[in-house]
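# Examining the three-dimensional arrangement
As a plain string of letters, each chain reads:
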Amino acid sequence: MSAAGSGPPTDPDQDKPEDIVWQGKFITAKTRGRWEYVSRARGIRAAAIVAIEDGHVLLVEQYRIPLGKRCLEVPAGLIGDEDGMQSEAPEAAAARELEEETGYRADHIENLGEFYSSPGMVSECFTLIKASGLTKVSAGGGVDGEDIRVHRVKMTRLAEFIAEKRAEGCGIDVRLAMLLAPTFI
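Now for a description of the structure that goes with this document. (Residues numbered from 1 in each chain as written. Predicted model: local features only at pLDDT ≥ 70, side-chain atom pairs only at ≥ 80, totals over all residues. Heavy atoms only, no water.)

### Some thoughts on the overall build of the chain
For the chain, the helix and strand inventory stands at three helices and 11 strands. Along the longest, intermediate and shortest principal axes, the C-alpha atoms of the chain span 50 × 40 × 35 Å. Considering the chain as a whole, with its 185 residues, one finds that 37% of them fall into the buried category. Counting only contacts in the chain whose residues sit at least 6 apart along the sequence, the fraction spanning at least 24 positions is 58%. Only carbon and sulfur atoms are counted for the fraction: they give 54% of the accessible area of the chain, which is about 10,800 Å². Where the 22 positive side-chain charges of the chain centre and where its 30 negative ones centre are 3 Å apart. (Helix = DSSP H or I, 4+ residues; strand = E, 2+ residues; numbered from the N terminus. Buried < 20%, exposed > 50% of the residue type's maximum accessible area, 1.4 Å probe, protein only. Contact = heavy atoms within 4.5 Å. Areas by Shrake-Rupley, 256 points an atom, 1.4 Å probe, with all protein chains shown as cover. Lys, Arg positive; Asp, Glu negative; His and termini not counted. Charge placed at Lys NZ, Arg CZ, Asp CG, Glu CD.)

Right, dumping it as structure tokens:
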């Protein structure tokens, strides 16, 4: 018997055909056997950026339609979602999104690998990017009416800040949990 996490897949639906139930511009609803899940359409991927410098982290807050409320998040954005940008590198997308959303430009961009946020429901992965050598170059806030609020939060105050935002009714992105882990800081 193999240890958990090693050996061949063992789900009885793994070899069943994947069916597209519905496809929009950005997402695709699929089924495979008894499973229902969602993926990004057209090969679109995502990048999430951890920008920590001088004991502070950059966070963004914006209204999220699926939640019906504002959400506190690390800066993030889509890779290859614009026409002609399908081969965009995650690092380039992250640098662009960081500047658009927060107004900060990074001198150094490091790819920390791919991660899955909700693998039982969504096939999407995101590339986690570490940004450093930050310089404020604009107000940020996103593009085309995104209404992104930028927060520069002292790491020693992060748990308290998240609790305050939660008490205000803000959703909290699961990726903020990694910033609360003692080995991450």
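### Some remarks on unusual backbone geometry
Outside of glycine, negative phi angles account for most residues, and trans bonds account for most peptide bonds. Residue Asp54 is not a glycine yet carries a positive backbone phi of 55 degrees. Turning to its location among the elements, Asp54 is positioned in the loop between strand 4 (45-53) and strand 5 (56-64). By relative accessible area, which is 65% here, Asp54 ends up exposed. Non-glycine residue Asp147 carries a positive phi angle of around 55 degrees. Locating Asp147 in the fold gives a position in the loop between strand 9 (125-136) and strand 10 (149-154). Looking at Asp147, the relative accessible area reads 47%, which means it is partly exposed.

### Some points on the sheet that holds strand 2 (residues 27-32)
Strand order in the open sheet formed by three strands is 1-2-3, and the pairing between neighbours is antiparallel. A single partner strand is all that each edge strand has here, and the edge strands are strand 1 (18-23) and strand 3 (35-40). Pairwise comparison of adjacent strand axes, ignoring direction, gives a mean angle of 30 degrees for this sheet. The pairing of strand 1 with strand 2 spans five bridges and is classified as antiparallel. The residue bridging Glu18 from the neighbouring strand is Arg32, located in strand 2. (Pairing = 2+ DSSP bridges. Axes fitted to C-alpha atoms, helices over the stretch in contact; angles between N-to-C directions.)

### Some details on the side chain of His56
Position of His56 relative to the elements: it lies in strand 5. Engagement of the side chain of His56 in a polar contact is seen with the side chain of Arg152, the distance being 3.4 Å. The residues touching His56, leaving out its near neighbours within four places in the chain, are Ala51, Arg152, Val153, Lys154 and Met155. (Polar contact = N/O pair within 3.5 Å; in protein donor to acceptor, adjacent residues only side chain to side chain.)

### Some words on the pattern of salt bridges
Evaluation of the coordinates by the stated rule reveals 18 salt bridges. The residue Glu160 makes a salt bridge to Arg157 at a minimum N-O spacing of 3.6 Å. Put simply, Lys165 and Glu168 hold a salt bridge, and the shortest N to O gap is 3.1 Å. What makes Lys165 buried here is its relative accessible area of 8%. Salt bridges linked by common partners bring Glu61, Arg70, Asp147, Arg149, Lys165 and Glu168 together as one network. (Salt bridge = Lys/Arg side-chain N within 4 Å of Asp/Glu carboxyl O.)

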